[in-house]
Amino acid sequence: MKDRLVTPSYCLILAANFLLYFGFWLMMPVLPFYLSEVFGATKSMIGVVLSCYTIAALCIRPFSGYLLDTFARKPLYLMAYLIFTAIFAGYLVAGTLMLFVMLRVVHGVSFGMVTVGGNTIVIDIMPSSRRGEGLGYYGLANNIAMSIGPMVGLFMHDAGVSYMWIFTCSLLSCAAGLGCASLVKTPYKPPVKRDPISLDRFILLKGLPAGLGLLMLSIPYGMTTNYVAMYARQIGLDVSTGFFFTCMAVGMAISRLFSGRLVDRGKVTQVIKVGLYIVILSFFLLSGCVEVIRWDASACRVLFFSIALMLGVGFGIMFPAYNTLFVNLAPNSQRGTATSTYLTSWDVGIGIGMLAGGYIAEVSSFDRAYLFGACLTVISTLYFYLKVSPHYQKNKLR
């Protein structure tokens, strides 16, 4: 029984995680349209507004890991979740671009804390022997929300639903998630003696090589989740881009049928390598859609959604494996710091992807942005083989 994974608290934290990410990603793909139509923002300005959220999350992440390792985790988690939820109400009344940007910054700070808190708590409540599998399902809840949320948001936008109603749906989703989070029972965490302040209390130094590799992967991912709808419109692809995220969700669900168990068997680096190959091919094909549609529009539609499925499988394989890699490099007393470093690396890349995607599209086109992202995935793969994998094998603690 001690190795039992599915408990009421585990199910509740999965639901809380799903509803949080669903609320966030529901409005994410419509924000570029909102900023353009309501505030008249240019593509480059849209990139700046979107990325300020990620930059704010990045700034708080290292400190959130330290706080979660030092103090009671659940109260900090719930406080951050409450602030994150309340900001959606602020979007309903934000009448100027400057106020909207200020709300995005506060939203990013709360997001940085609540996501680290959720990841750390789920590690606390699951048996260590099934950590890879447990993180896989936890990540699946996250990733499905990241796929279904944009799909629903784009469907609502295409159907003429107002931006205020979309923001309200995000608010209600996160409010329900907060209710689930408050019911999670966490194990007692005795007071700990605080170590002297050092860089390693905020950033897992042993995780920096893996963090750089993950950062390069998240740049094209950030471009995709934020700009793929605009890319399809730019090349004249007549499809409902909401289905792109549906296919991503299906791919992620497929990947979780086997990836978590392989990670628990010690095949962390092998699983990541397989995911890297799939992601490389996917982004090169995505950048090539601009040429395919000139040849055959129907073939381009099939390719477009096949790419989404492949991206779902590739990233779905890598998410739990990378998370486990960071945790395995840290002692138990630094679980929060390990999770913070993992998520910080991901957020830095997402932020760069938002900025770079908007800038490259402004001066050139979105297909060039995705070609740039594809090249980054190749560099990330080479770096993983030459640096990350050997470093992990040498320094892992479990």
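Residues numbered from 1 in each chain as written. Predicted model: local features only at pLDDT ≥ 70, side-chain atom pairs only at ≥ 80, totals over all residues. Heavy atoms only, no water.

J.: Talk me through the overall build of the protein; I want residue IDs and the actual numbers.
T.: A tally of regular secondary structure across the protein gives 14 helices and zero strands. Moving toward the C terminus, one meets the helices and strands of the protein in the order α-α-α-α-α-α-α-α-α-α-α-α-α-α. What you see for the protein is a C-alpha radius of gyration of 20 Å, in line with the 21 Å of a compact globule of 398 residues. Structurally, the protein occupies a C-alpha span of about 60 × 45 × 40 Å along its principal axes. Taken over 398 residues, the protein has a buried fraction of 60%. (Helix = DSSP H or I, 4+ residues; strand = E, 2+ residues; numbered from the N terminus. Rg over C-alpha atoms; globule rule 2.2 N^0.38 Å. Buried < 20%, exposed > 50% of the residue type's maximum accessible area, 1.4 Å probe, protein only.)

J.: Go over the environment of Phe-88 with me, naming the residues and quoting the values.
T.: Tracing the chain through its elements places Phe-88 in helix 4 (residues 73–91). Using a relative accessible area of 0% as the deciding quantity, one classes Phe-88 as buried. Considered as a pair, Phe-88 and Ala-374 are 286 residues apart in the sequence and their alpha carbons are 34 Å apart. Residues contacting Phe-88, with those up to four places away along its chain left out, are Gly-23, Phe-24, Met-27, His-107, Phe-167, Ser-170, Leu-171 and Cys-174. (Contact = heavy atoms within 4.5 Å.)

J.: Report on the pattern of salt bridges, specifying residues and quantitative values.
T.: Scanning the model with the defined rule gives one salt bridge in all. Among the ionic pairs, Arg-294 bridges to Glu-291, the shortest N-O distance being 3.1 Å. Pair noted here: Arg-294 and Glu-291 are both in helix 11 (residues 268–295), with a separation of three residues, about one helical turn. Relative accessible area serves as the criterion here: at 62%, Arg-294 is assigned to the exposed category. For Glu-291, a relative accessible area of 48% corresponds to the partly exposed category. (Salt bridge = Lys/Arg side-chain N within 4 Å of Asp/Glu carboxyl O.)

J.: How would you summarise the side chain of Asn-17 if you had to cite specific residues and measurements?
T.: By secondary structure assignment, the location of Asn-17 is in helix 1 (residues 8–27). Residue classification places Asn-17 among the buried residues on the basis of a relative accessible area of 4%. Residue contacts for Asn-17: discarding those within four places in its chain leaves Tyr-138, Ala-141 and Asn-142.

J.: Kindly report on the confidence of the model for the protein, identifying the contributing residues and their values.
T.: Predicted coordinates in regions of low pLDDT should not be interpreted in detail. Here the protein averages 84 in pLDDT, and 94% of its residues register 70 or above. Confidence, expressed as mean pLDDT per element, reaches its minimum in the protein at helix 3 (residues 43–70) with 76 and its maximum at helix 7 (residues 163–182) with 93. (pLDDT = per-residue confidence, 0-100.)

J.: Go over the packing of aromatic side chains with me, naming the residues and quoting the values.
T.: Applying the stated criterion across every chain, the model contains 30 aromatic pairs. Seen in terms of ring centroids, Phe-84 and Phe-111 are 5.8 Å apart; in terms of plane orientation they differ by 35°. Their pairing is tilted. Taken together, the residues Phe-84 in helix 4 and Phe-111 in helix 5 (residues 97–125) connect sequence positions 27 residues apart. The class of Phe-84 is buried, set by a relative accessible area of 0%. With a centroid separation of 6.3 Å and 75° between ring planes, the pair formed by Phe-283 and Phe-315 is classed as edge-to-face. (Phe/Tyr/Trp six-rings, centres within 6.5 Å; stacked < 30°, edge-to-face > 60°.)

J.: I'd like to hear about the packing of helix 11 against helix 12 (residues 297–328), residue by residue, with values.
T.: Remark: helix 11 packs on helix 12, axes separated minimally by 7 Å, with the N-to-C direction vectors making an angle of 155°. Taken together, the axes of helix 11 and helix 12 lie roughly antiparallel to each other. The handedness of the crossing between helix 11 and helix 12 comes out as left-handed. Of the residues belonging to the contact of helix 11 with helix 12, the class tally is 30 nonpolar, five polar and no charged. (Axes fitted to C-alpha atoms, helices over the stretch in contact; angles between N-to-C directions. Parallel < 35°, antiparallel > 145°, perpendicular 65-115°, else oblique. Left-handed = near helix turned anticlockwise from the far one by under 90°. Nonpolar A, V, L, I, M, F, W, Y, C, P; charged D, E, K, R; others polar.)

J.: How would you explain the environment of Ser-51 if you had to name every residue and give the values?
T.: Structurally, Ser-51 is set in helix 3. Residue Ser-51 is classed as buried on the basis of its relative accessible area of 2%. Each C-alpha atom, one on Ser-51 and one on Ile-352, is 7.3 Å from the other, the two residues being 301 residues apart in sequence. The residues touching Ser-51, leaving out its near neighbours within four places in the chain, are Gly-351, Met-354 and Leu-355.

J.: So, the packing of helix 12 against helix 13 (residues 335–363): which residues are in play, and what are the values?
T.: Closest axis-to-axis distance for the helix 12/helix 13 pair is 8 Å, and the angle between their directions is 140°. Between helix 12 and helix 13, the crossing angle belongs to the class labelled oblique. Between helix 12 and helix 13 lies a crossing whose hand is right-handed. In this structure, helix 12 uses Phe-315, Phe-319, Tyr-322, Asn-323, Phe-326 and Val-327 to contact helix 13, whose residues at the interface are Ala-338, Thr-341, Tyr-342, Ser-345 and Trp-346.

J.: Explain the environment of Ala-249 to me, and be specific about the residues and the numbers.
T.: Here Ala-249 lies in helix 9 (residues 242–255). Owing to a relative accessible area of 9%, Ala-249 belongs among the buried residues under this scheme. On a C-alpha basis, the gap between Ala-249 and Arg-368 in space is 25 Å, while along the polypeptide they are 119 residues apart. In this structure Ala-249 touches Ile-144, Ser-147 and Ile-148, once residues within four positions along its chain are discounted.

J.: Provide a residue-level description of a nonpolar patch on the surface, including the pertinent values.
T.: Together, Tyr-277, Phe-284, Leu-371, Val-378, Leu-382, Tyr-385 and Leu-386 give the surface a local cluster of nonpolar side chains, amounting to about 670 Å² of exposed area. No other element matches helix 14 (residues 366–395), which puts five residues into the nonpolar patch. By the element assignment, Leu-371 lies in helix 14. (Patch = residues over 30% accessible without salt bridge, like charges linked within 9 Å, V, L, I, M, F, W, Y side chains within 5 Å. Areas by Shrake-Rupley, 256 points an atom, 1.4 Å probe, with all protein chains shown as cover.)

J.: Tell me what's going on with helix 3, and back it up with residues and numbers.
T.: The end-to-end C-alpha distance of helix 3, which contains 28 residues, comes to 42 Å, matching closely the 40 Å that a straight helix rising 1.5 Å per residue would cover. At Arg-61, helix 3 shows its maximal bend, which comes to roughly 35°, and the proline Pro-62 appears one to four places after that position. (Expected span 1.5 Å × (residues − 1). Bend = angle between axes of the 7 residues up to and from the residue.)

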